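The lines below spell out each chain.
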Amino acid sequence: LTDLEETVTVSETFDDDLIPGSSGISLKAGEILTVRDLLYATAIASANDAANVLAERAAGTREKFIELMNEKAKALGCKGTHFTNTHGLPDEDHYTTARDMMIMMRYALKNDLFRKLVSTYAYTIGETNKTEKRVFSTTNSLISSVSENYYRYACGGKTGTTTAAGYNLVSWASKSDIDFILVAMHAEKKDGSSNPIFKDSKALY
């Protein structure tokens, strides 16, 4: 996936492993989007549907892409990680650890495109052959200047939330030309309070 302007056609079976109501951008079979649009949708909107489409484009099938994910995790030294899907929705055999997430984030930050993707506040996908334009913004409050959890040294990161996993955030901040990686996992709301993952991450930074 080196050409960000390459167009990709959404397959007929792109959503057959997704949970109704889970994060996505309401892709439709036969819809045509660019690789750039799909990457931003995955990074900013946590679009599970876009992750599946990208995996199919990159490796031919999702199964092959998942195999490559596991091979890469092992090569990086991740000892507590196993992937069974492209998006992170619950599966008993799909798991990771805080240490492994740090390893993966440290590796990913070597890629300038990744840094740009997970530090972008908002993105717009223009009208496609199936849908009107879509506008979405980050779920990472650390980089939202209007949030009480805004942290001026925060650069970006990725949230992840399921009932089983709780609230999770892998983020990075930079000060004095030093990058800091923070992994916060399995946070839970208490007594109707707001998501604590950002407040906790800010305090830890």
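Residues numbered from 1 in each chain as written. Predicted model: local features only at pLDDT ≥ 70, side-chain atom pairs only at ≥ 80, totals over all residues. Heavy atoms only, no water.

**So, the overall build of the protein chain**
When helices and strands are counted, the protein chain shows six helices and seven strands. In the protein chain, the succession of α and β elements from N to C terminus is β-β-α-α-α-α-α-β-β-β-β-β-α. Taking 17 Å as the expected radius of gyration for a compact globule of 205 residues, we find that the protein chain reaches 17 Å, a close match to that expectation. Seen along its three principal axes, the alpha-carbon backbone of the protein chain occupies a region of about 45 × 40 × 40 Å. Taking all 205 residues of the protein chain together, the buried fraction comes to 43%. Surface accessibility of the protein chain: about 11400 Å² in total, with carbon and sulfur atoms responsible for 51%. Side chains of the protein chain give 23 positive and 27 negative charges; the mean places of these two sets differ by 8 Å. (Helix = DSSP H or I, 4+ residues; strand = E, 2+ residues; numbered from the N terminus. Rg over C-alpha atoms; globule rule 2.2 N^0.38 Å. Buried < 20%, exposed > 50% of the residue type's maximum accessible area, 1.4 Å probe, protein only. Areas by Shrake-Rupley, 256 points an atom, 1.4 Å probe, with all protein chains shown as cover. Lys, Arg positive; Asp, Glu negative; His and termini not counted. Charge placed at Lys NZ, Arg CZ, Asp CG, Glu CD.)

**A closer look at the environment of A164**
Mapped onto the elements, A164 comes out in the loop between strand 5 (154-162) and strand 6 (166-175). A164 gets classed as exposed once you look at its relative accessible area, which sits at 58%. In this structure the C-alpha to C-alpha distance between A164 and L89, which are 75 residues apart in sequence, comes to 9.3 Å.

**Brief notes about the pattern of salt bridges**
Considering all chains together, one arrives at nine salt bridges under this definition. Between E5 and R36 there is a salt bridge whose closest N-O contact spans 2.7 Å. With E5 in the segment before strand 1 (7-9) and R36 in helix 1 (residues 35-45), this residue pair connects regions lying 31 residues apart in the sequence. E5 sits in the partly exposed class, given a relative accessible area of 45%. Across the salt bridge formed by E56 and R62, the nearest N and O atoms sit 3.0 Å from each other. Overall, the relative accessible area of 16% leaves E56 in the buried class. What makes R62 buried here is its relative accessible area of 9%. (Salt bridge = Lys/Arg side-chain N within 4 Å of Asp/Glu carboxyl O.)

**Regarding the sheet that holds strand 6**
Reading across from one edge, 5-6-7 is the order of the three strands in this open sheet, with antiparallel pairing throughout. Of all the strands in the sheet, the pair left with one neighbour each is strand 5 and strand 7 (178-187). Between one strand and the next, the sheet's axes are offset by a mean angle of 10°, whatever the strand orientation. Note: strand 6 against strand 7, eight bridges, orientation antiparallel. Its bridge partner lying in strand 7, Y167 is registered against A187. The strands touched by helix 4 (residues 98-108) are strand 5, strand 6 and strand 7; relative to strand 7, the strand with the most contacts, the crossing angle is about 145°. (Pairing = 2+ DSSP bridges. Axes fitted to C-alpha atoms, helices over the stretch in contact; angles between N-to-C directions. Contact = heavy atoms within 4.5 Å.)

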